[in-house]
Amino acid sequence: MRALGWLALLTALAVSVVLAVMVGSVSLGWARVLTALWDGLRGAAQDPIVWQIRLPRALMAALVGAALGTAGAVYQGLFRNPLADPYLMGAASGAAFGATLALSLSGSLSGAYASAVALRWPASVPLFAFAGAVAAVALAVFLAGGVARRYNLILAGVVVGSVLIGLTTYLMMLDADRVRAVFSYTLGNLAFSGWGDVSRLALYLLAALLPLFFFGRALNALQLGDAVAHTLGLPLAALKALLILGATLATAAAVAQVGIIGFVGLIVPHTMRRLVGEDYRALLPASALGGAVLLVLADLLARVLVRPAELPVGVVTTMLGGPFFLYLLRRQRA
Amino acid sequence: MLEARRLGYSYARGRRALEGVSLEVRPGDWLAVLGPNGSGKTTLLNLFLGLLRPSAGAVLLDGRPLSSWRAAARGRRLAYLPQNGPFPPGLSAREVVRLGRLPYLGLWKSEGPDDERAVDWALEVTECRDLSERHLAELSGGERQRVLLARALAQRPAYLLLDEPTNHLDLHHQAELLRLLGRLAAEGIGVVSVVHDPNHALAASRAVLLENGRLVDEGAPGAVVTGAAFRRVYAGDVRLLAAESGLAVLPRWGEER
């Protein structure tokens, strides 16, 4: 049963990526997609539609989904709160605000100087995004008076998130030249993803996400409560700091690249619990895979629902996530 | 030996929760900690666990200050069962009990034969063998409490600290748990249980009575509950019955004296 679940996840990821490459303004048959992928891999000529446009976009969706899914699972385990999610906790909005601030700061500097800044600190956008995300989560936890009251935490996160989205929109209006680049931050969009973005995000996730997978047992122990986790010899303060930083950095890196994509971190871990159980050693990698599948498919929907135009993928995940949140809320009360 | 030496603790606003408490728990002892709400029982337990740092005096474990112990080494000597603690509903009983091996394994080492033996023993002694593949969410309150106790025992602790372990258990499970604690003490584990119901203290080998953060009586449980301090602390609220096989402590109701 468990083994089948993993097989199903891996197959779903492969199939959804191939589907995402097939569908677009020019439809490609699956045979052509597979051939093009194979040709590109063995170093023959790369089909430009497959290799330059659709594949990087699909892989970007997979990476972002993996980041948000895993971050959601970590937040839920860490705060012992089934409603926690990078979007609802304010982390995503904090990252969007930070990224926008970084862009508009560099934009307000005069031309030559700005490019010097960009050269010297190519990481300034993700760095600001990360700082914004950490500050937003810290503020939400502070406003909620700790993490024990789960509804307060979510309420505080949503309030912090809304204010930050307001501020982000304000910054964006001040800086009309950059509106198009900045617009995607408040409603995530994968349309501009190229190989540069894919490799940049992959690098950040290697640092932020990969270590999280080694903390499954620690997250299991945290489910027994802080006092017991302490008596089991876990260094609680350091452990929690590390988990928050990892999940928040992963969120910030994703948001800095593609903007806010809500609810992935909520939907995915809950679905994966059904599939692989509640053991975090399995749940974390499953949430990464599940998040990847969900976002690749959501982006596919975003591209076909209003053809020939496109929806920001954040619209699709929010439409899915809102009802899902209400379902969880009802189940909590029951 | 687990020892409190002139232990004191004050909360932030200067309220003294505990003052000048000295006591010793040896392997094989079963110490019941009695006292009304707010008398400092839980504070004492938290100090013993290292969850709080003493503002005066010290907790010594095997002769060394608790604060100087490495966390994992402490986890192999001291285990804790909270009352109504959270639990992972979707893990099997066996997986939960395995978490008790964390002080031996750390976060990454996988379980070896020693660990599985400790888990088997803990499941056996708590009579949880048949539950081991069931999820915690499917268990009754009494069964779950036993599994969580097995989790603490899988640490193979020298000292086991429990906060109101009989809370929310029916009479049958209360009796079962008290017998189990007796067996564990007989096996050489030092047991410290905070209890609300003085009758449960009667099962222990020793009792202490706390009042306003001070230790006001100590001795054989029967002597403590019949002592002057106990009568003063619960002035007029309890009556003692000589039952067929010993004592019983009942709340006093009505007007009779």
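Residue positions are given per chain, counted from 1 along the sequence in the order it is written. Starting at A for chains and at 1 for ligands, labels are handed out in the order in which the entities are written. With the structure being a predicted model, the display of local features is reserved for residues of pLDDT at least 70 and the display and counting of side-chain atom pairs for 80 or more, all residues being used for whole-chain, interface and lining totals.

What follows covers the sheet that holds strand β1 (residues 2-10) of chain B. Residues and elements named next belong to chain B. Strand order in the open sheet formed by four strands is β2-β1-β4-β5, and the pairing between neighbours is antiparallel. Strands with a single pairing partner mark the edges of an open sheet, and in this sheet they are β2 (16-25) and β5 (64-65). Note on pairing: two strands pair once DSSP finds at least 2 bridges between them. Counting from the N terminus, the helices are DSSP H or I runs at least four residues long and the strands are E runs at least two residues long. Note that strand β4 (residues 56-61) and β5 share two bridges and pair antiparallel. Each residue of the ladder has a partner; that of L61, found in β5, is R64.

Let's shift gears to the packing of helix α3 (residues 48-78) of chain A against helix α13 (residues 264-276) of chain A. All names here are of chain A. In this description, a line fitted to the C-alpha atoms serves as the axis of each element, helices being fitted only across the stretch in contact, and the angle between N-to-C directions of two axes falls anywhere from 0 to 180 degrees. Relative orientation of the contacting elements α3 and α13 amounts to 75 degrees, with a least axis distance of 7 Å. Viewed along their axes, α3 and α13 adopt a mutual orientation that is roughly perpendicular. On α13, the residues touching G65, L68, G69, A71, G72, A73, Y75 and Q76 of α3 are V264, G265, L266, V268 and P269. Classifying every residue of the contact of α3 with α13 by side-chain character gives eight nonpolar, five polar and no charged. Angular relationships are summarised with four words: roughly parallel below 35 degrees, roughly antiparallel beyond 145, roughly perpendicular across 65 to 115, and oblique for the angles in between. The contact rule is simple: place each C-beta atom from the backbone, and if two of them lie within 7 Å, those residues are in contact. Side-chain classes follow a simple rule in which Ala, Val, Leu, Ile, Met, Phe, Trp, Tyr, Cys and Pro form the nonpolar group, Asp, Glu, Lys and Arg form the charged group, and the remainder, Gly included, forms the polar group.

With that settled, the discussion passes to the pairing of β1(B). Residues and elements named next belong to chain B. The pairing of β1 with β2 spans six bridges and is classified as antiparallel. Within β2, the position partnered with E3 by the bridge is E24. Here β1 folds back onto β2, and the loop between the two strands holds five residues, one of which, G14, carries a positive phi near 90 degrees. The sheet contact formed by β1 and β4 spans five bridges and is antiparallel. Residue pairing in the sheet places L2 in a bridge with L61 of β4.

All right, on to the interface of chain A and chain B then. Chain A puts 21 residues into the contact, and the matching count from chain B is 22 residues. When contributions to the side of chain A that touches chain B are tallied by element, the ones reaching two or more residues are α10 (216-222) and α11 (226-231) of chain A. When its residues are assigned to classes, the side of chain A that touches chain B shows nine nonpolar, seven polar and five charged.

Moving on, we get to the sheet that holds strand β8 (residues 190-194) of chain B. Residue and element names in this part refer to chain B. Reading across the sheet, the six strands line up as β6-β7-β8-β3-β9-β10 and stay open at both edges, with mixed pairing between neighbours. In this open sheet, the two strands that pair with only one neighbour each are β6 (78-81) and β10 (214-219). Strand-to-strand, the axes of this sheet are offset by a mean angle of 20 degrees, without reference to chain direction. The pairing of β6 with strand β7 (residues 159-163) spans four bridges and is parallel. Opposite L81, over in β7, you have L162 as the bridge partner. Sheet strands touched by helix α6 (residues 141-153): β6 and β7. Its angle to β6, the strand with the most contacts, is close to 170 degrees. Each of β3 (30-34), β7 and β8 is contacted by helix α7 (residues 171-186), which is oriented at about 150 degrees to β8, the strand it contacts most.

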